[in-house]
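Residue-level structural notes
Now for the letters of each chain:
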Amino acid sequence: MPKANINEQLNLRRTDFPANFRWGSSTSSYQIEGAAQEGGRGESIWDRFTSMPGKIRDASSGAVACDHYHRWPADLDLAQSLGTNAYRFSIAWPRIFPNGRAAKPNAQGLDFYSRLVEGMLERGLEPWATLYHWDLPQALQDQGGWAQRETVDAFLAYTDVMTRHLGDRVKNWITHNEPWCTAFIGNFEGHHAPGLKDFKVAMQVCHHLLVSHGLAIPVIRRNVPDARVGAALSLHPLRAASDRAEDVAATQRHDGLRNRWFLDALYGRGYPQDIWAVLGSNAPQVAPNDMNVIATPTDFLGVNYYFPENVADAPSQGVMQTRVVELENIERTDFGWEVSPEGMVELLARVARDYHPEHIFLTENGSTYDDLVSPDGVVHDVKRRDYLQRHLKALHQILQLGIPVEGYFAWSLLDNFEWAEGYVRRFGLTHVDFQTQQRRLKASGLWYQAFLRGEF
Ligand code: IFM
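Residues numbered from 1 in each chain as written. Predicted model: local features only at pLDDT ≥ 70, side-chain atom pairs only at ≥ 80, totals over all residues. Heavy atoms only, no water.

Within the open sheet, the three strands sit side by side as β6-β8-β9. Their pairing is mixed. With partners counted over all chains shown, the strands left at the sheet margins are β6 (238-240) and β9 (322-325), one partner each. Adjacent strand axes in the sheet meet at a mean angle of 40 degrees when their direction is disregarded. Sheet topology note: the strand β8 (residues 309-313)/β9 ladder contains four bridges and is antiparallel. Bridging from a neighbouring strand, Asn310 pairs with Val325 of β9. Most of the contacts of helix α11 (residues 245-266) go to β8, to which it runs at about 125 degrees, and overall it touches β6, β8 and β9. (Pairing = 2+ DSSP bridges. Helix = DSSP H or I, 4+ residues; strand = E, 2+ residues; numbered from the N terminus. Axes fitted to C-alpha atoms, helices over the stretch in contact; angles between N-to-C directions. Contact = heavy atoms within 4.5 Å.)

This is the structure in structure tokens:
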């Protein structure tokens, strides 16, 4: 379909959004940087996990990934060429403290992020730094990882160093990316590093992540004049798989751990009592004052939105006794994730109604499809383009409802290492040929660029 026609049908322009709206793209260190053994970087739990047979679908790792460590100037040029005014990245803790903690940080790691941030500022990209996007130093995991309270102290020391070092230039700080995933995919399902399968451990990890978030806030504020601090949560609108009372109750439980566990705690309500009761002996150890710490006021809520879930009762399934079911005749991405822009409206309306965050940023949203480079050299990813357009339309609707969303970060700038899926799943607006490291904007990226540059 010619460009003009698509955009006429969509009827959406950048000027329909506030002038100071943040438009960006998102990435994370382990997924793009590569250079795993350069610059004094230490081993991360993902280096270790990917070296274990059978953990990664294509037996790959992030050892080279997009080679962003060497190619970052060109990648930032790309982000700038899109017309974005913000860029979200994460810092690899093992580049700063190769063994997790030390009296002195690794100067080469600090320099790398300093240059990266300078590069953003030179290109008019507001830096949004995430402190923890899953690459824990392996040395800390060897001592028990996030299940140990000492890891919280190590995180605070790392946070202190990073915010002192970059705080004059980086004002927007995200403590954790998707703590649900860190805790449960990594420590209960075992599909992500460190690959544990222990629900009780996952609950303790989850609690320590939240405590570390709360304790990091005053550290960041002390070091960064005009800091804005928040966490990026993976949240989902949930639907009962049927009208059966059991499925409705299961959905309530699922919501309790997926969404409310984080939102209730961050917004000062403590952990949801209904879930605490279900957890029994799996409930985490909570020190006096922890819940106050977790509820330390933030400056914004980061929401990563991908898909809704349909939930059924499953008495034989673990502590929570819930199951996510795949309903038929539903539009899905090639990952099997339901495509639901209306779910994003529903989710943000719910968050705004129940928790009243004053500022919200969509810190991730995106889709994966099996892209092919056509003989004409173009990746005609019409499904991803359509996904992006429909979610931006939904975003506009969200703003019209008066919900205070102030920015949108597309996941992702580049195809990259998609964790347990290796390089099989491509989420980029930019195609990366992992043999040659050639980048080329896909049709979705070209459309985002035209939208952001006001070309229609
Ligand atoms: O690639 C991930 C990212 O690291 C965290 N949020 C979801 C993305 C897609 O799965």
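Turning to the side chain of His68, a few remarks are in order. Mapped onto the fold, His68 is located in helix α4 (residues 68-81). Judged by relative accessible area, His68 falls into the buried class, the value being 2%. (Buried < 20%, exposed > 50% of the residue type's maximum accessible area, 1.4 Å probe, protein only.)

Next up on the list: the site of the ligand. Taken together, Gln31, His133, Trp134, Asn177, Glu178, Tyr306, Trp337, Glu364, Trp411, Glu418, Trp419 and Phe427 form the complete shell of residues around the ligand. Contact between the ligand and Glu178: a nitrogen atom at 2.8 Å from a side-chain N or O atom of the residue. With respect to the ligand, the side chain of Trp419 contributes an N or O atom lying 2.8 Å from an oxygen atom. Computed on the free molecule, the ligand has an accessible area of 280 Å², of which 95% lies beneath the protein chains in the complex. (Near = heavy atom within 4 Å. Polar contact = N/O pair within 3.5 Å; in protein donor to acceptor, adjacent residues only side chain to side chain. Areas by Shrake-Rupley, 256 points an atom, 1.4 Å probe, with all protein chains shown as cover.)

Turning our eyes to something else, we now look at the nonpolar core. Judged by nonpolar contacts, the single largest core of 120 residues is most densely connected at Ile91, Leu395 and Tyr448. It is helix α10 (residues 199-223) that contributes the most residues to this core, eleven residues altogether. When neighbours within four sequence positions are excluded, Ile91 is seen to be in contact with Ser29, Ile96, Tyr113, Ala129, Thr130, Leu131, Asp135, Tyr158, Met162, Leu166 and Trp173. Among the nonpolar cores identified, the runner-up in size contains seven residues, and Ala86, Ile174, Phe361 and Phe409 belong to it. (Core = buried A, V, L, I, M, F, W, Y, C linked by side-chain atoms within 4.5 Å.)

A word on the packing of aromatic side chains. Two aromatic rings are characterised by how far apart their centres lie and by the angle between their planes. Tallied over the entire structure, the rule returns 46 aromatic pairs. Through a chain of ring-to-ring contacts, the aromatic side chains of Tyr30, Trp46, Phe49, Trp134, Phe417, Trp419, Tyr423 and Phe434 assemble into a single cluster. (Phe/Tyr/Trp six-rings, centres within 6.5 Å; stacked < 30°, edge-to-face > 60°.)

So, on to the environment of Ala240. For Ala240, the position within the fold is in strand β6. When the C-alpha atoms of Ala240 and Thr430 are compared, they prove to be 36 Å apart, with 190 residues separating the residues in sequence. Not counting the four nearest positions on each side in its chain, Ala240 is found in contact with Asp247, Val248, Thr251 and Val311.

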